[in-house]
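# A closer look at the structure
Spelled out from the first residue to the last, the chains are:
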Amino acid sequence: MLRMENVSKIYRTELVETHALRKVDLHIKAGEFVSVTGPSGSGKTTFLNLAGALETFEEGDYFLDGQNVKGLSDDKLSEIRNQKIGFIFQSFNLLPDLPLFDNVDVPLRYRGMSAKERKERIEHALETVGLASRMKHLPTQLSGGQQQRVAIARAIAGEPKFLLADEPTGNLDSLMAQQVMELLEDINSKGTTIIMVTHDDQLARRAHRNIQIFDGQVSDIEKAVANDVIRSA
Amino acid sequence: MFNYNLQLALKSLKDRPSLTFLTILTIAIGLGLYTTIKTMSYQGGQVPLAHKSKNIFLVQMDNREITAEEVDHQSRMVDTTYKDTLNLLAMEMPGVEQTLNWYTYGILNIEDENINPVRATASVTSSNFFTMFEPPFLYGNGWDKATEDSAEGVIVISKLMNDKLFGGKNSVGENVRIGTNVLKIIGVLDTWHLSRKFYDRGFRSGRPDNFFIPHTYAIANELPRLAGFDCWKADADIARSFRNENTQRLLNSECAWVTFWAEVPDEQIENYQQQLVNYMEGQKALGRFPREILTFVTNLNDQFAYINGRDDFMNVFSIISTLFFAVCLLNAVGILLAKFMRRTKEVSLRRALGAKKKTIIAQHVIEVAIIGLLGGLLGLVVAYLGLQGMMNIQIYSSDYTRRLEDLQPLFALDFTMIANAFITGILCTLIASIYPIWRLCNTPPASQLKSQ
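Criteria and cut-off values
- Residues numbered from 1 in each chain as written.
- Chains lettered and ligands numbered in written order.
- Predicted model: local features only at pLDDT ≥ 70, side-chain atom pairs only at ≥ 80, totals over all residues.
- Helix = DSSP H or I, 4+ residues; strand = E, 2+ residues; numbered from the N terminus.
- Buried ≥ 20, exposed ≤ 12 C-beta atoms within 10 Å, placed from the backbone.
- Contact = placed C-beta atoms within 7 Å.
- Rg over C-alpha atoms; globule rule 2.2 N^0.38 Å.
- pLDDT = per-residue confidence, 0-100.
- Pairing = 2+ DSSP bridges.
- Nonpolar A, V, L, I, M, F, W, Y, C, P; charged D, E, K, R; others polar.
- Axes fitted to C-alpha atoms, helices over the stretch in contact; angles between N-to-C directions.
- Parallel < 35°, antiparallel > 145°, perpendicular 65-115°, else oblique.
- Left-handed = near helix turned anticlockwise from the far one by under 90°.
- Core = buried A, V, L, I, M, F, W, Y, C linked by C-beta atoms within 7 Å.
- Domains from an automatic or database assignment.

## Digging into the overall build of chain B
Check the secondary structure of chain B and you find 16 helices and ten strands. Each principal axis of the C-alpha distribution contributes one length, and for chain B these read about 100 × 60 × 40 Å. When each of the 452 residues of chain B is scored for burial, the buried share is 41%. Counting only contacts in chain B whose residues sit at least 6 apart along the sequence, the fraction spanning at least 24 positions is 80%.

Put into structure tokens, the structure is as follows:
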């Protein structure tokens, strides 16, 4: 479903070369919930950006849903992001002057859907996150947790195969973080593959599997069994 | 997608109205001044009689003394002697029409004592003037050849004179006096808009002639001659006297002072030029035309191209207004850049959510096109006010001797100039926005998403 083979990402300036990711080999299956952890500056966000086709890379191959992403045009990458991936950001990244309905509408607009289909999907997505009654509100009229739920609604409205979440609970208190996590688990249970970058070990342990990144190198740790042990304890 | 981009563009314009207005105003002021000068240049540079301007020729023959300096351009060549104009007028050539022109002046008076006499300048010309140069008639017509040959006292007056002397009524058949000479009105011209009055080689604008009389009558009655006399040395000392006296000596002299014109169909041009050469050779045999044979037969298009190119006032102002417009556009670029760069986070997000570069470009091109369109509209208002201002300055600087009616066409925003302003406004704004849009659409999709 998502396979990286020897993927490296190097940031170059005139004087310095920074290896953000080194020879990453990784395979994530459809329907998995994978957490990505590691210290600050280890390359987690770079990994997520590559996984989300937000950045290009120099070495290796990256297959997303069977398609090699390497060397694709900017337009093609936009299409992949639009149709296959949903993004959830730590700082929500909602457009502050647009009502919730229009915020959720953004990725659907770029997919060229009919107005009717867009409306149905937006209403359904907002209903899923429990904000159907507030679709005319502006993001600033909502709490942080609610804003993140709108961001989730935006990410799932297009029914993507992948959901990439970059510290989705980083700006939320523990109660709201719990709600958001439950929402993500619910979405995952319906078949959407989720990759979540987090600093929170507890949340990371709730994923099927945890990937650790340290100095740009990935260690893929099968956590599912261990998590089961922890949960049942 | 166009509708969505249009919605976003309109929203963006409304979101920051002061910045939007400032951009539009900057473009409008630059475009307004540019269009003002461009319109003046365009209207003033229009070649009259466009349908046959290539066939209307100023005719000049070099009859100067052997010691005279070389001349390589028609603008520096002398006019024609009266005896040559008569000889050329007598030449029969199928399809060719010829006419002549010089100035006179006089005080026009009519029987009605309640009407004040009017001092006015006028053209002395031939019957073909009216068919060649096609002035619009309000009443009556020009004179015919027979009337001209018999030196009858007939006159064609302008609309202005007709308004002043006859209150605008049809005055054909009425008599008018110039000094002691009584002339019968046979025609009244309507307002005649010429971008520049070319037939006297003065190329001045907005100063129509007040009346027209036959050259035979003017000579026979020794009407004053307002002309520059290019005479040979023998007559140079008394050249100034030719204005009012020594008519016979002037007519027999080699003084060139009459502007001579010909309308020649395409197929006759070569033949006509040969006829001129033949004529000069014939005259040479009689002891005239001492220099090597040199003629200038210059059509209106070429004359206007030369005159427009030498219009320093318009040329300098054209450069200044273009530079000013460029500075305004640069300012607009700065404002647009500032405005667009505030949007990098949003663009980054939209790119992450699937917007293609070309979609982002389209959204901003639409926004800029609207700004250009509004800038064009407001620019037209500025240009209109600018043209009105320039027109009033011209009237004021002429001590109100020039009339609004005569100047208006020279300061009119016609369809061509309106379309020109819109296209220039939109096109230049789009060109100016290339850099801001390029900067914006190249925002990497991941660059702004991590910021708090």
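Having seen it, we continue.
## Regarding the overall build of chain A
Secondary structure summary: chain A contains eight helices and ten strands in total. Computed over the C-alpha atoms, the radius of gyration of chain A is 18 Å, within 12% of the 17 Å expected from 2.2 N^0.38 for a compact globule of 233 residues. Structurally, chain A occupies a C-alpha span of about 50 × 50 × 35 Å along its principal axes. By the burial criterion, 47% of the 233 residues in chain A qualify as buried.

## Some details on the confidence of the model for chain B
Across chain B, pLDDT averages 90, with 99% of residues at or above 70. Listed scores for the predicted complex are pTM 0.75 and ipTM 0.89.

## Points about helix H3 (residues 100–109) of chain A
Among the ten residues that make up H3(A), eight are buried, leaving the element largely enclosed by the rest of the structure. Contacts made by the buried residues of H3(A) are with helix H2 (74–84), helix H4 (115–128) and helix H5 (144–157) of chain A together with helix H1 (2–15) and helix H13 (344–352) of chain B.

## Remarks on the sheet that holds strand S4 (residues 59–64) of chain A
Residues and elements named next belong to chain A. Taken together, the four strands give an open sheet; going across it, the order is S2-S1-S4-S5, and neighbouring strands pair in antiparallel fashion. Single-partner strands in this sheet number two, and they are strand S2 (17–28) and strand S5 (67–68). Relative to S4, strand S1 (residues 2–12) runs antiparallel, the two sharing five bridges. The partner of Glu5 across the bridge, within S4, is Asp61.

## Some words on the interface of chain B and chain A
Taken together, the contact pairs 19 residues of chain B with 21 residues of chain A. Elements represented by at least two residues in the side of chain B that touches chain A include exactly H1, H13 and helix H14 (357–397) of chain B. In terms of residue count, the dominant contributor to the side of chain B that touches chain A is H13(B) (five residues). Grouping the amino acids of the side of chain B that touches chain A by side-chain chemistry returns nine nonpolar, three polar and seven charged.

## What to know about the pairing of strand S3 (residues 33–37) of chain A
Residue and element names in this part refer to chain A. Among the five residues in S3, five count as buried, and that is most of the element. Across four bridges, the pairing between S3 and strand S8 (residues 193–197) is parallel. Across the sheet, Phe33 pairs through a bridge with Ile194, a residue of S8. Summarising the sheet, S3 and strand S9 (residues 209–214) pair through four bridges and their orientation is parallel.

## Focus: the environment of Leu410(B)
Residues and elements named next belong to chain B. Looking at the element boundaries, Leu410 is found in the loop between helix H15 (404–407) and helix H16 (415–441). Residue classification places Leu410 among the buried positions, given that 22 C-beta atoms sit within 10 Å. For the pair Leu410 and Gln46, spaced 364 residues apart in sequence, the C-alpha to C-alpha distance is 9.4 Å. Every residue in contact with Leu410, bar those within four places of it in the chain, is listed here: Met40, Gln43, Gly44, Ser195, Ser205 and Gly206.

## What about the packing of helix H2 (residues 17–45) of chain B against helix H12 (residues 312–341) of chain B?
Residue and element names in this part refer to chain B. H12 packs onto H2 with a crossing angle of 165° between their chain directions and a minimal axis gap of 9 Å. With respect to H12, the element H2 is oriented roughly antiparallel. By crossing handedness, the relation of H2 to H12 is classed as left-handed. The residue inventory of the contact of H2 with H12, partitioned by class, reads 18 nonpolar, nine polar and one charged.

## Observations regarding the nonpolar core
With 108 residues, the main nonpolar core has Val36(A), Leu126(A), Ala153(A), Leu164(A) and Ile195(A) as its most contacted residues. No other element matches H2(B), which puts ten residues into this core. If we ignore the near neighbours within four places in the chain, the residues touching Ile195(A) are Ile28(A), Val34(A), Val36(A), Leu48(A), Ala51(A), Phe162(A) and Leu164(A). Core analysis: the second largest hydrophobic core is formed by 61 residues, Val96(B), Trp143(B), Phe211(B) and Met280(B) among them.

## Regarding the packing of H2(B) against H14(B)
Residue and element names in this part refer to chain B. Where H2 meets H14, the axes come as close as 6 Å, and the angle between the chain directions of the two elements is 45°. By the angle between their directions, the pair H2 and H14 is classed as oblique. Of the two possible hands of crossing, H2 and H14 adopt the one that is right-handed. Here the contact of H2 with H14 is composed, by residue class, of 16 nonpolar, eleven polar and no charged.

## Thoughts on H2(A)
All of the buried residues in H2(A) are Leu77(A), Ser78(A), Ile80(A), Arg81(A) and Asn82(A). Elements in contact with the buried residues of H2(A): S4, strand S6 (85–88) and H3 of chain A together with H13 of chain B.

## Here we look at the domain arrangement of chain B
By a widely used convention, the size of an interface equals the accessible area lost when the partners come together. Residue and element names in this part refer to chain B. Segmentation of chain B into domains returns domain 1 (2–47 + 311–441) and domain 2 (53–309). A straight line from the C-alpha centre of domain 1 to that of domain 2 covers 46 Å. Each partner contributes to the interface: domain 1 provides twelve residues, whereas domain 2 provides 14 residues. Among the elements of the structure, H2 and H15 are those that each provide at least two residues to the side of domain 1 that touches domain 2. Grouping the amino acids of the side of domain 1 that touches domain 2 by side-chain chemistry returns four nonpolar, four polar and four charged.

## Comments concerning unusual backbone geometry
Backbone geometry follows two general trends: most residues other than glycine have a negative phi, and most peptide bonds adopt the trans configuration. Residues and elements named next belong to chain A. The phi angle at Lys23 is positive, at roughly 40°, despite the residue not being glycine. Examined against the element boundaries, Lys23 turns out to sit in strand S2. Lys23 sits in the partly exposed class, given 15 other C-beta atoms within 10 Å. At Asn93, a residue that is not glycine, the phi angle is positive and equals roughly 55°. One can find Asn93 in the loop between S6 and H3. In this structure Asn93 comes out as buried when scored by C-beta crowding, with 24 C-beta atoms within 10 Å.

## Examining the environment of Leu72(A)
All names here are of chain A. Here Leu72 lies in the loop between S5 and H2. By C-beta crowding, Leu72 is classed as partly exposed, having 17 other C-beta atoms within 10 Å. Sequence-wise, Leu72 and Ala53 are 19 residues apart; in three dimensions their C-alpha atoms are separated by 9.7 Å.

## A look at the environment of Pro136(B)
All names here are of chain B. Mapped onto the secondary structure, Pro136 falls in the loop between helix H4 (128–133) and strand S4 (137–140). A count of 10 C-beta atoms within 10 Å places Pro136 in the exposed class. Sequence spacing of Pro136 and Ser158 is 22 residues, and the spatial spacing of their C-alpha atoms is 10.0 Å. Those residues within four positions of Pro136 in sequence are excluded, and the remaining contacts are Leu189, Asp190 and Trp192.

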